[in-house]
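Residues per chain are reported as follows:
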Amino acid sequence: MPANIVVGTQWGDEGKGKIIDILASRADVVVRSQGGNNAGHTVVNNGQTYKLHLIPSGILYPDKLCLIGAGVVLDPKDFTGELSALHERGISTDNLKIDPRAHVVMPWHIILDGLSEKFRGNSDIGTTKRGIGPTYMDKYERCGIRMYDLVNPEVFAEKARSTGMLKNKIITEVYGGEAVDIEAVIKEYNEYGKILKPFVDDVSVLTFEADKSGKTIMFEGAQATLLDIDFGTYPYVTSSHPLSAGVCVGTGVGPRMISNIIGVAKAYTTRVGKGPFPTELDDEIGDKIRTVGGEFGTTTGRPRRTGWFDAVIVKHSVRVNGLDGLAINKLDTLCGLGNLKVCVGYKMPDGSTINNFPPTLEQLEGCQPIYEELEGFTEDISGCKSFEELPVSCQKYIERLEELCGCHVAMIGVGPDRSQIIER
Ligand code: GDP
Ligand code: IMO
Ligand code: MG
């Protein structure tokens, strides 16, 4: 006790890594419960930048236990690369554990991710091509390979041969792609298995015991609410549950453990990949936000689409996650943009207005954002340490977001560094 969840409230990249890193300083355990290396979480500390994909953002503190739960899909090649990169920078990974139930991303998953995107043509999702969807498909088809299998060579070889053969049929006969050399994969993955074996432990038990012994736990969300497979902009979503409720199934703990849920948002909106985006700006303001905010994907380097803050979206996130508080990052990026627009509702094709996020793509595509205009600011706020130090127009902007989203703003990000945060 206590156990806190940090989730993304928009389409990802809200600065969850930064918020987790700050809150991890006050926690004992940091847990990832879903997603895979499609995530890219940035932590900036004293001019040093760390980009984490699978390893929880608590890893930069040597004394925190970092856990990867059963709901995560883990690419062992990428993961061992991430381990080495941290070791080279003097970061210890001794306190890292992976649940034996976590599913393994295999080379055929990555190939199939690419092939199915190509097959979709113009209707592609714009995935990160990390094999995430195909790995979750196998999990639910009940033919996946899990971490327990990977670290047990005989079990692994048998499962890799039977699944690999089937996947090769799909790759070659459905998509006309090139078959995977299964024996070479087994050999390569046996080496990853040897490296990863010491990390495998029951994360459900470790989290439960940490909670019972009074430790503070942080659950680190990856992706975000609008990328949730059910409550996001389906089918332009990821294949897991980035919602707060996903934490319990993805870790193997009960909901009663959770004491506080924090949603992270940007002071504007971004999205990578395809799909609807009502407040998207295809103009110089959008370009300016992208340039000033450095809005390029942490994982794929793709330019992020940019737009005004959409309170309909964040209000939806407040509801589906049961948020106790919001962290609004990147307020500093809005400096010098002139008046700031906030979307307060959507106008429908029949002239009616709605202010709850619609459940289907068809409804969403007809929506036009209704904007409210707020005064902008030109002052450099990157050194502000308290809410009162912020220009009055910034304070009013935050207070209006609170009203519109129906949630208290507990933290405000004014720069990428660990220290550039205002807590209320
Ligand atoms: P995550 O996936 O939610 O962890 O976010 P990313 O790391 O993908 O993207 C967020 C980007 O914004 C990173 O480059 C962060 O360093 C940066 N960032 C986070 N908070 C702030 C902030 O308050 N101001 C500025 N200027 N940058 C921030
Ligand atoms: P973090 O944790 C932003 C997006 C992809 C694509 C869709 C499906 O850094 O916020 P996938 O590869 O998951 O099948 O792609 O989801 N996506 C993200 N966008 N941030 C992320 O993670 C994302 N993870 C997946 O761009 O639109
Ligand atoms: Mg990211």
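These numbers were taken from a predicted model, which means no experiment stands behind them. (Residues numbered from 1 in each chain as written. Chains lettered and ligands numbered in written order. Predicted model: local features only at pLDDT ≥ 70, side-chain atom pairs only at ≥ 80, totals over all residues. Heavy atoms only, no water.)

1. Notes on the sheet that holds strand S7 (residues 96–98)
Reading across from one edge, S7-S5-S2-S9-S1-S10-S14-S18-S19 is the order of the nine strands in this open sheet, with mixed pairing throughout. Since the sheet does not close on itself, it has two edges, and those belong to S7 and strand S19 (421–423), each with one partner. Strand-to-strand twist of the sheet, defined as the mean angle between neighbouring strand axes without regard to direction, takes the value 20°. Pairing geometry for strand S5 (residues 65–68) and S7, over three bridges, is parallel. The residue of S7 that forms the bridge with Cys66 is Leu96. (Pairing = 2+ DSSP bridges. Helix = DSSP H or I, 4+ residues; strand = E, 2+ residues; numbered from the N terminus. Axes fitted to C-alpha atoms, helices over the stretch in contact; angles between N-to-C directions.)

2. Side note on the environment of Ile145
Secondary-structure assignment places Ile145 in the loop between helix H4 (132–141) and helix H5 (147–150). In this structure Ile145 comes out as buried when scored by relative accessible area, which is 3%. Linking Ile145 and Val155, residues ten residues apart in sequence, is a C-alpha distance of 9.5 Å. (Buried < 20%, exposed > 50% of the residue type's maximum accessible area, 1.4 Å probe, protein only.)

3. Focus on the domain arrangement of the protein chain
Split by domain assignment, the protein chain resolves into domain 1 (3–98 + 200–260), domain 2 (103–196) and domain 3 (266–423). Distance from the C-alpha centre of domain 1 to the C-alpha centre of domain 3: 23 Å. With 40 residues of domain 1 in contact, the opposing surface of domain 3 contributes 39 residues. Contact between domain 1 and domain 3 buries roughly 3100 Å² in total, counting both sides, with carbon and sulfur atoms accounting for 54%. Counting the surface domain 1 buries against domain 3, the share from its top three residues, Gln10, Trp11 and Lys18, is 23%. For the interface between domain 1 and domain 3, the tally reads three salt bridges. Residue Arg26 pairs with Glu423 through a salt bridge whose shortest N-O separation is 2.6 Å. Taken together, the connections running from domain 1 to domain 3 amount to 25 residue pairs in polar contact (both at pLDDT 80 or more). Within the residue set of the side of domain 1 that touches domain 3, elements represented by two or more residues are helix H1 (16–24) and strand S3 (41–45). The greatest single-element share of the side of domain 1 that touches domain 3, amounting to five residues, is contributed by H1. (Domains from an automatic or database assignment. Contact = heavy atoms within 4.5 Å. Buried area = accessible area lost by both parts, 1.4 Å probe. Salt bridge = Lys/Arg side-chain N within 4 Å of Asp/Glu carboxyl O. Polar contact = N/O pair within 3.5 Å; in protein donor to acceptor, adjacent residues only side chain to side chain.)

4. Description of the site of ligand 1
As a matter of local geometry, ligand 1 sits amid 20 residues, with Lys16, Gly40, Thr42, Thr298 and Asp332 nearest to it. In this structure, Lys330 approaches ligand 1 through a main-chain N or O atom, which is 2.9 Å from an oxygen atom. Protein burial of ligand 1: of its 590 Å² of free accessible surface, 92% is covered by the chains. Residues that form the shell around ligand 1 fall into these classes: three nonpolar, ten polar and seven charged. (Near = heavy atom within 4 Å. Areas by Shrake-Rupley, 256 points an atom, 1.4 Å probe, with all protein chains shown as cover. Nonpolar A, V, L, I, M, F, W, Y, C, P; charged D, E, K, R; others polar.)

5. Brief notes about the pairing of strand S1 (residues 3–8)
Along S1, six of the six residues are buried, which leaves the element largely enclosed by surrounding structure. Pairing geometry for S1 and strand S9 (residues 217–220), over four bridges, is parallel. Bridging from a neighbouring strand, Asn4 pairs with Met218 of S9.

6. Quick look at helix H2 (residues 76–88)
Between its first and last C-alpha atoms H2 spans 18 Å; for 13 residues at 1.5 Å apiece the expected length is 18 Å, and the two agree. Every buried residue of H2 is listed here: Pro76, Phe79, Thr80, Glu82, Leu83 and Leu86. For H2, the angular spread of the buried residues around the axis is 155°, confining them to a single face. In the segment just after H2, Gly90 is the residue with positive phi, at about 80°. (Expected span 1.5 Å × (residues − 1). Arc of directions from axis to C-beta.)

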